[in-house]
Amino acid sequence: MTAPTASRRHRWTRRDAYNATCTECGTHAQKRPSPYGRRWFTEWRLPDGTYTDNYDGGKTPPCIGPEVTA
Ligand SMILES: [Zn+2]
């Protein structure tokens, strides 16, 4: 069995309807309503403190796992 390293799945723990945290890497995901339309997008706060989102159709950032947390 080969371990997939390119696209690990996050292990989400739901905190409420809009927030979830990955127990593997610490990435926090928050569902946010678009200010310009009736749709939602997801914003992620990565373990290094940077933010990214899929407002423009971006993909979920890969799970980097717990081994990176020094
Ligand atoms: Zn993760």
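The rules behind these values
Residues numbered from 1 in each chain as written. Predicted model: local features only at pLDDT ≥ 70, side-chain atom pairs only at ≥ 80, totals over all residues. Helix = DSSP H or I, 4+ residues; strand = E, 2+ residues; numbered from the N terminus. Buried ≥ 20, exposed ≤ 12 C-beta atoms within 10 Å, placed from the backbone. Contact = placed C-beta atoms within 7 Å. Pairing = 2+ DSSP bridges. Axes fitted to C-alpha atoms, helices over the stretch in contact; angles between N-to-C directions.

(A) View of the overall build of the protein. Per the secondary structure count, the protein includes zero helices and five strands. Along the chain direction, N to C, the helices and strands of the protein fall in the order β-β-β-β-β. Counting the 70 residues in the protein, one finds 9% classified as buried. Across the protein, every contact between residues at least 6 apart in sequence was considered, and the portion connecting residues at least 24 apart equals 22%.

(B) Representation of the pairing of strand β2 (residues 19-22) within the structure. Burial along β2 is one-sided: Ala20 and Cys22 are buried, and none of Asn19 and Thr21, which face the opposite way, are. Strand direction decides the pairing type here: strand β1 (residues 12-14) and β2, joined by three bridges, are antiparallel. Along β2, the bridge assignment pairs arginine 14 with alanine 20. Here β1 folds back onto β2, and the loop between the two strands holds four residues. Of the strand pairs in this sheet, β2 and strand β3 (residues 28-33) are connected by three bridges, and their pairing is antiparallel. Within the sheet, the bridge partner assigned to alanine 20 lies in β3 and is alanine 29. As consecutive antiparallel partners, β2 and β3 are separated by five residues, and within that stretch glycine 26 has a phi angle of approximately 90°, a positive value.

(C) The sheet that holds β2, seen in detail. The five strands are arranged β1-β2-β3-β4-β5 in an open sheet whose pairing can be described as antiparallel. Either end of the sheet is taken by a strand with one partner, and the two such strands are β1 and β5 (51-53). On average, each strand axis in the sheet is tilted by 25° relative to the strand beside it, whichever way the strands run.

(D) Quick look at the pairing of strand β4 (residues 40-45). When β3 meets β4, the two strands line up antiparallel, connected through six bridges. Considered in β4, the bridge of arginine 32 is made with phenylalanine 41. Between the antiparallel neighbours β3 and β4 lie six residues. Inspection of the sheet shows β4 paired to β5 by three bridges, in the antiparallel sense. Residue arginine 45 lies in a different strand from β5, and its bridge partner there is tyrosine 51.

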